[in-house]
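Architecture at a glance
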Amino acid sequence: MTQTLPGRYLGGSALDDLDAWWRAANYLAAGQIYLLDNPLLTEPLRPEHIKPRLIGHWGTVPGVTLTYAHLNRVIARTGQRMMFVLGPGHGAAALTAATWLEGTYSLRHPEVSQDLAGMRELFRQFSFPGGVPSHAAPNVPGSIHEGGELGYSLAHATGAALDNPDLVVACMIGDGEAETAALSASWTAPMFLDRLSDGTVLPILHLNGYKIANPTLLSRMAREDLDRMLTAYGWEPMYVEGNDPFEVHQRYAAVLDEAFERIAEIREHARLGMGPRVPCRPMIVLRTPKGWTGPDVVDGVRVEGTFRAHQVPLTSVRQNPEHLAQLENWLLSYRPSELFQDDGRPVDRIARLHPEHLRMSADPSAHGHDSVDLRMPNAGDYTVGFATPGTEVAEATRVLGGFLRDVLVENPRNMLFFAPDEHTSNRLDAVLEVTGRRWRLPRLVGDDRLSADGRVFEVLSEHLCQGWLEGYLLTGRHGVFSTYEAFAHIVDSMVVQHAKWMHTAAEFPWRTPIPSLNYLITSHVWRQDHNGASHQDPGFIDHVLNKRPEVSRVYLPPDANCLLHVFDHCLRSRGRVNVVVAGKQPALQYLDDRSAREHCARGLGVWEWASTDQDRATEVVLACAGDVPTQETLVAAALLRELVPDLAVRVVNVVDLARLFPPDRHPHGISDADYRDIFTDAPVIFAFHGYPWLIHRIAYRRPGHDVMHVHGFTDNGTTTTPFDMCAMNGIDRFDLAAAAVAEVPRLAGSLDALTEELMSRLEVARAYLRRDGEDPPEIQHWRWPGSPVS
């Protein structure tokens, strides 16, 4: 038969060997879904050889294994370092098969040896109790992307390529995954990748036509429309299509050779200063049948090439003799006796195809092995000085910006910043003194600090910011994601996936813990008085603290100096999700450098300078967490000094929320004895940044919980003034003071008068702000008693 094929012709033993590798990987993948024993079919297949529960996804496997085989051929031919990011859902059977064939899986998991016993274990463990998942979890060598939730593969691949100039990240994208919002936005990658300083992303869009039960949109688009879409984003689509293995192998080899020649040309033009700044980058569109090489028809219904191949094509193998026979014929169609020796090891023609020192499954970046710690300036050199607590005002995030600027100076190729168009809004301007915003498209007069190789990535998609940063972190580098508090929720599910990845990855000593995912959550609920209810939601911290305690951390620094020391700690940490909530507006400063460092190291503590219980039993505790709640708590303490001078008040500030957990529920939790030393047995009025029930949930087992009264955000908000936001939710100074006196038995006789006085002052303040449109001067300019009012 005559073949008309573009590019190079792959013939003879090269084609046969490549096809043998593909058949071997497909056999291993199908075996993982079905077989409990008899891994090489050395005896007739019986029901007891089949797993009792068939769990897995076959439909995507043949395209994944085909792609892996052809990428290996390119690596062996060119010596190109490459990583592989697998996007299509639960396709782990394909990756575990490939990494086992390469020998890396057995190297990392010696119990799954590269022999018959190891093949049996490879099959048994897949989607089996005590085994491994059906998606590419951290147990799979070379993987940085789990795929449990669809949409983030291309963003992860882009993040991995940043600052990795010698790397090609091959990213396989499922056509179902391509329907997600995150993946749709990720096509913009060519507009941000630098030709010289960044690596190359090679998307491979797999159009196998179907999701779990429906057709996919991109597979049904006219080819010219798909071309226009991809080209508009900066890609040069190259097509591999067909259902005949011989023809597809030939076409895939030719197209990949052409794509890598184009990649080399782009790099060479960049080195010579030639060509467009944003070149059209090659990508592959692979169109093959879903469930290719699997069962064609089952029970008289077409399976291959339809949505029915998505998961398990043959579902009743133990119970149905016809299905059992069909499974045996399917597995034997790969001719396993040609692919594996009697002892289960791959035959030499397959073993020879693996690029020994450049296996994608052994890439050091995928396991964090290239990661280095940041060189850090001394955070104390950036702290705000003052003579007395509560007398000076500073913008906490602006102070932090100076520190982050110099962290970047010390780590110019190992640190990136991500923000959805809010870097300056969040007062991190100082970073832009030493870098620009990444921008590679045309510039116009009036544009502000745009740079082709900028270290600040701003795009109005939280999904992209998160995905790019995750890819950067997963390959061992460092970064910060700053965003408005209410809109951190947009990436709720992404942070879940990342936190679970890190927790699971910690089980494998061959994975170096990666730098932490650091969030700066600002423009927060208490200072969104101008934007209104749509921007008022502090629930992201609840979401993060629901995750594994080994991973999740939430910090609420009360002032700029505490923010500096908290962030210094976060940037030095690894394997964590660190959420730091800090306001950007001018606010009072309380702790000097030494006090802030010590307070943040403890995570919580008594503020003696604000307390009046030093020489007597504490009658009431005013606790606080968060910058605005801290200020309102201190004003409440000052009001109580004025109205009840002999009241023994203790002020407690909490920076690290996890300190409130019992120690058996979180590694940062303190003992009950230490907890009692801080909070005493007195009633506690707790002013909290977020939803009050979070504190109750954390501390419900603590001594004295029955006399803890938490004031926080109760979802009352609108466009109003900063103080009115506090009053609407009951965390204002007057409500806190009134709550405190109500808990002191000896004040019962004067309680009505004290409460009336406090509520009268509250009503006067609210009447003023309703009339004049701003908070009263005594509220705007309050200082700790004894200090001058400016």
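Scroll up to find the structure this text is about.
In this report, the structure presented in the accompanying data block is examined. (Residues numbered from 1 in each chain as written. Predicted model: local features only at pLDDT ≥ 70, side-chain atom pairs only at ≥ 80, totals over all residues. Heavy atoms only, no water.)

This part is about the pairing of strand β15 (residues 552-555). Judged by which residues are buried, β15 turns out to be covered on both faces: S552 and V554 on one side and R553 and Y555 on the other are all buried. Direction of pairing for β15 relative to strand β16 (residues 577-581): parallel, over a ladder of four bridges. Bridging from a neighbouring strand, S552 pairs with V577 of β16. Handedness of the crossover joining β15 and β16 through helix α18 (residues 560-572) is recorded here as right-handed. (Buried < 20%, exposed > 50% of the residue type's maximum accessible area, 1.4 Å probe, protein only. Helix = DSSP H or I, 4+ residues; strand = E, 2+ residues; numbered from the N terminus. Pairing = 2+ DSSP bridges. Right-handed = clockwise from strand over helix to strand, strands pointing away.)

Pairs may arise between side chains of opposite charge once their charged atoms sit close together. If you walk through the whole model with that rule in mind, you get 51 salt bridges. R262 is the salt-bridge partner of E265, the closest N and O atoms lying 2.5 Å from each other. Residue E265 and its partner R262 are both found in helix α10 (residues 245-272); the two are separated by three residues, about one turn of the helix. As a salt-bridge pair, R761 and E642 come within 2.7 Å of each other at their nearest N and O atoms. Taken as a pair, R761 in helix α25 (residues 751-772) and E642 in helix α20 (residues 627-643) lie far apart in primary sequence, 119 residues in all. (Salt bridge = Lys/Arg side-chain N within 4 Å of Asp/Glu carboxyl O.)

Attention shifts here to the sheet that holds strand β3 (residues 200-206). Strands sit in the order β1-β2-β3-β5-β4 across an open sheet of five strands; the sheet is parallel. The outermost strands of the open sheet, each flanked by one partner alone, are β1 (81-86) and β4 (235-241). Ignoring strand direction, the axes of neighbouring strands in this sheet form an average angle of 20 degrees. Judged from the seven bridges that link them, β4 and strand β5 (residues 281-287) form a sheet pairing that is parallel. (Axes fitted to C-alpha atoms, helices over the stretch in contact; angles between N-to-C directions.)

So, on to the environment of T180. With respect to the helices, strands and loops of the structure, T180 is situated in the loop between β2 (167-174) and α7 (181-186). When neighbours within four sequence positions are excluded, T180 is seen to be in contact with L150 and G151. There is a polar contact of 2.9 Å between the side chain of T180 and the backbone oxygen of E177. Here the side chain of T180 touches L183 through a polar contact of 3.3 Å, landing on its backbone nitrogen. (Contact = heavy atoms within 4.5 Å. Polar contact = N/O pair within 3.5 Å; in protein donor to acceptor, adjacent residues only side chain to side chain.)

This next bit is on helix α5 (residues 116-125). Here α5 has its buried residues at G118, M119, L122, F123 and Q125. Elements that come into contact with the buried residues of α5 comprise α1 (12-34), α3 (92-102) and α4 (104-108). The N-cap residue of α5 is D115: its side-chain oxygen and the backbone nitrogen of A117 are 3.3 Å apart. In the stretch just after α5, S127 is the one whose phi turns positive, near 50 degrees.

Spatially, five strands are ordered β18-β20-β19-β21-β22 in an open sheet, and the strand pairing comes out mixed. Two strands close off the open sheet at either side, each with one partner strand: β18 (604-606) and β22 (708-711). Neighbour-to-neighbour, the strand axes of this sheet turn through a mean angle of 20 degrees, independent of strand direction. Pairing of strand β19 (residues 620-625) with strand β21 (residues 684-688), which is carried by five bridges, proceeds in the parallel orientation. Bridge pairing in β21 links A623 to F686.

Counting through the fold element by element, N26 comes out in helix α1. A sequence separation of 71 residues divides N26 from A97, and the C-alpha atoms of the two residues are 7.7 Å apart. Leaving out residues up to four positions away in the same chain, N26 has contacts with W58, V61, P62, T65, T293 and Y334.

In summary, soluble globular proteins display a tendency toward joint burial of nonpolar side chains. Counting 91 residues, the largest nonpolar core has L657, F679 and F686 as the members making the most contacts within it. No other element matches helix α15 (residues 462-474), which puts seven residues into this core. Residues contacting L657, with those up to four places away along its chain left out, are I541, L545, V554, L556, A625, F688, L694, I695 and I698. (Core = buried A, V, L, I, M, F, W, Y, C linked by side-chain atoms within 4.5 Å.)

Across the five residues that make up β16, a large majority, five, are buried. In β16, alternate side chains face the same way, and those of V577, V579 and V581 on one face and N578 and V580 on the other are all buried. In terms of strand pairing, strand β14 (residues 517-522) meets β16 through five bridges, oriented parallel. From the neighbouring strand, N518 faces β16, where its bridge partner is N578.

Moving on: empty space enclosed by the protein. Think of a ball as big as a water molecule: rolled over the atoms, this probe shows where empty space is left. Inspection of the entire model under this criterion finds six cavities of 30 Å³ or more. Roughly 120 Å³ of internal volume is contained in the largest cavity. Taken together, 14 residues make up the lining of the largest cavity; nearest its centre are H145, E146, H156, E470 and Q497. Listing elements by their share of the lining of the largest cavity, those giving two or more residues are α15 and α16 (492-505). Considering only residue class, the lining of the largest cavity consists of five nonpolar, six polar and three charged. (1 Å grid on protein atoms, 1.4 Å probe; cavity = no way out; pocket = protein on both sides within 12 Å on 5 of 7 lines; lining within 4 Å. Points joined across faces, edges and corners; volume = space filled by probe spheres on them. Nonpolar A, V, L, I, M, F, W, Y, C, P; charged D, E, K, R; others polar.)

Any link to function would need more than the numbers given here.
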